[in-house]
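# An overview of the molecular structure
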Amino acid sequence: MTPPRTLEDFDAGDDAACDDLVGDTIQYRAAGAPSFTTHKAYVDYADSLRSIETGQVIEQDISVELRKALIAAKPTAAARITLARLPGRTFKPVNVRSSSDGAYWIFEVQQIHA
């Protein structure tokens, strides 16, 4: 009998299969690229509180985890992203960093206004 797999047993192939199954559809255009490409990523559509002079407001605090195997070059602020759940809006990546295992780019997005 084969012992059950642990999280440590998962590899890049498993990451891709999980992303395809449960990931959110995004469109990504690298800086200088002519068109968007479709990818699966983990998107967290969380809200956060921001303090202003008269109190606090709730603002969207969206973060994205995108496999480096899909986008090898670190995303820059000149890249553009659209999210399937928020049609008609375009975003740029901010605060780009690597995941602890080095397999994903993690970043927040900021809406851009054309």
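These numbers were taken from a predicted model, which means no experiment stands behind them. (Residues numbered from 1 in each chain as written. Predicted model: local features only at pLDDT ≥ 70, side-chain atom pairs only at ≥ 80, totals over all residues. Heavy atoms only, no water.)

Right, let's get into the overall build of the protein chain. Helices and strands together make up the secondary structure of the protein chain, namely one helix and six strands. Counting every atom, the protein chain has about 7400 Å² of accessible surface; 53% of that belongs to carbon and sulfur. (Helix = DSSP H or I, 4+ residues; strand = E, 2+ residues; numbered from the N terminus. Areas by Shrake-Rupley, 256 points an atom, 1.4 Å probe, with all protein chains shown as cover.)

Side chains of Asp44, Asp47, Asp61 and Glu65 sit close together on the surface and give a patch of like negative charge. At the level of elements, β2 (37-52) and β3 (55-67) are the ones that each hand at least two residues to the negative patch. Topologically, aspartate 47 is positioned in strand β2. Under the relative-accessibility criterion, aspartate 47 is labelled exposed at 54%. (Patch = residues over 30% accessible without salt bridge, like charges linked within 9 Å, V, L, I, M, F, W, Y side chains within 5 Å. Salt bridge = Lys/Arg side-chain N within 4 Å of Asp/Glu carboxyl O. Lys, Arg positive; Asp, Glu negative; His and termini not counted. Charge placed at Lys NZ, Arg CZ, Asp CG, Glu CD. Buried < 20%, exposed > 50% of the residue type's maximum accessible area, 1.4 Å probe, protein only.)

Once that is clear, we can look at the environment of isoleucine 62. Locating isoleucine 62 in the fold gives a position in strand β3. Its relative accessible area of 3% is what places isoleucine 62 among the buried residues. C-alpha separation for the pair isoleucine 62 and tyrosine 45, spaced 17 residues apart in sequence, amounts to 4.7 Å. Not counting the four nearest positions on each side in its chain, isoleucine 62 is found in contact with Val43, Asp44, Tyr45, Ala46, Leu83, Leu86, Phe91, Phe107, Glu108 and Val109. (Contact = heavy atoms within 4.5 Å.)

The next thing to look at is the pattern of salt bridges. Within this structure, the stated rule accounts for two salt bridges. A salt bridge links aspartate 24 to arginine 85; its shortest N-O distance comes to 3.4 Å. Of this pair, aspartate 24 sits in strand β1 (residues 24-29) while arginine 85 sits in the loop between β4 (80-83) and β5 (90-98), and the two are 61 residues apart along the sequence. A residue is classified by how much of its surface remains accessible, and arginine 85, at 58% relative accessible area, is exposed. In this structure, arginine 97 and glutamate 108 form a salt bridge, with 3.0 Å as the shortest nitrogen-oxygen distance.

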